[in-house]
Amino acid sequence: MRYHSHIVTSLCFGAAVAAHTSLSFSVSYTAGIVVGSLLPDIDEPKSYVGRRSMGVSNKVKEAFGHRGMTHSLVVWGIIALVTMWESSSLFAVGFVLGYLFHILEDFFSVQGVPLFWPFTLKRFKIPIYRTGNFIEKALFYAAFALLVYIGAKEQLFFEWWRSLALFR
């Protein structure tokens, strides 16, 4: 999935979570989702985050390959535990969720993800789309429309703007 698709679909999932929990759909929460939704692709030098990683991406890909360690639920669990141990801020919650959403989104790609790395290298998938194809583009627009719908219906956009004004 391309970076803009990861951002929009993750924000859509994040809006749904905020609409059904006590989480605030704030600037901090959404910024965490965006960062978390991009970080797993640090293992691909040509990705949005990889091109900005000052060489770190090359080293990660060399050591673990694309969609390797960074796309594992095991690694996500460790990152989630450390992140939430250090901070229970809305940014941290958004980051952990955004990272998880990225793995979930790539689970539906033809390439799949090694969910249980390092215990197995097997890639798990429900192959619905190939990166950049028509189906991914349709998923992007559907997620965007659903994000707008949820945001308007649940007044999440108002909550977001209010949090910006209050600097939360």
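Quantities reported herein were computed from a predicted structural model and do not represent experimental measurements.

> Could you clarify how one ought to interpret the packing of aromatic side chains in this entry?
The description of two aromatic rings rests on the distance between their centres and on the angle between their planes. Per the counting criterion, the structure on display carries 9 aromatic pairs. Between Phe-140 and Tyr-141, the aromatic rings sit 5.0 Å apart at their centres with planes inclined by 80°, giving edge-to-face as the arrangement. For Tyr-141, a relative accessible area of 57% gives the class exposed. With a centroid separation of 5.1 Å and an interplanar angle of 90°, the aromatic rings of Trp-160 and Trp-161 are classed as edge-to-face. The class for Trp-160 is partly exposed, based on a relative accessible area of 24%. Sitting over the ring of Tyr-48, Arg-52 keeps its end group 3.8 Å from the ring centre. Cation over ring: Lys-122 sits above Phe-124, and NZ or CZ is 4.7 Å from the ring centre.

> Even after reading the chapter, I still don't get the nonpolar core, so can you show me in this structure?
With 18 residues, the main nonpolar core has Leu-11, Ala-15, Phe-25, Tyr-29, Leu-97, Leu-147 and Leu-156 as its most contacted residues. Only α1 (3-19), α2 (27-38), α5 (90-107) and α6 (134-153) provide two or more residues apiece to this core. Ranked by residues supplied to this core, first place goes to α1 with 6 residues. Aside from chain neighbours lying at most four places away, what touches Leu-11 is Phe-25, Thr-30, Ile-33, Val-34 and Leu-147.

Cut-off values and rules
Residues numbered from 1 in each chain as written. Predicted model: local features only at pLDDT ≥ 70, side-chain atom pairs only at ≥ 80, totals over all residues. Heavy atoms only, no water. Phe/Tyr/Trp six-rings, centres within 6.5 Å; stacked < 30°, edge-to-face > 60°. Buried < 20%, exposed > 50% of the residue type's maximum accessible area, 1.4 Å probe, protein only. Lys NZ or Arg CZ within 6 Å of the ring centre and 35° of its normal. Core = buried A, V, L, I, M, F, W, Y, C linked by side-chain atoms within 4.5 Å. Helix = DSSP H or I, 4+ residues; strand = E, 2+ residues; numbered from the N terminus. Contact = heavy atoms within 4.5 Å.

Interpretation in functional terms is not warranted from these geometric data alone.
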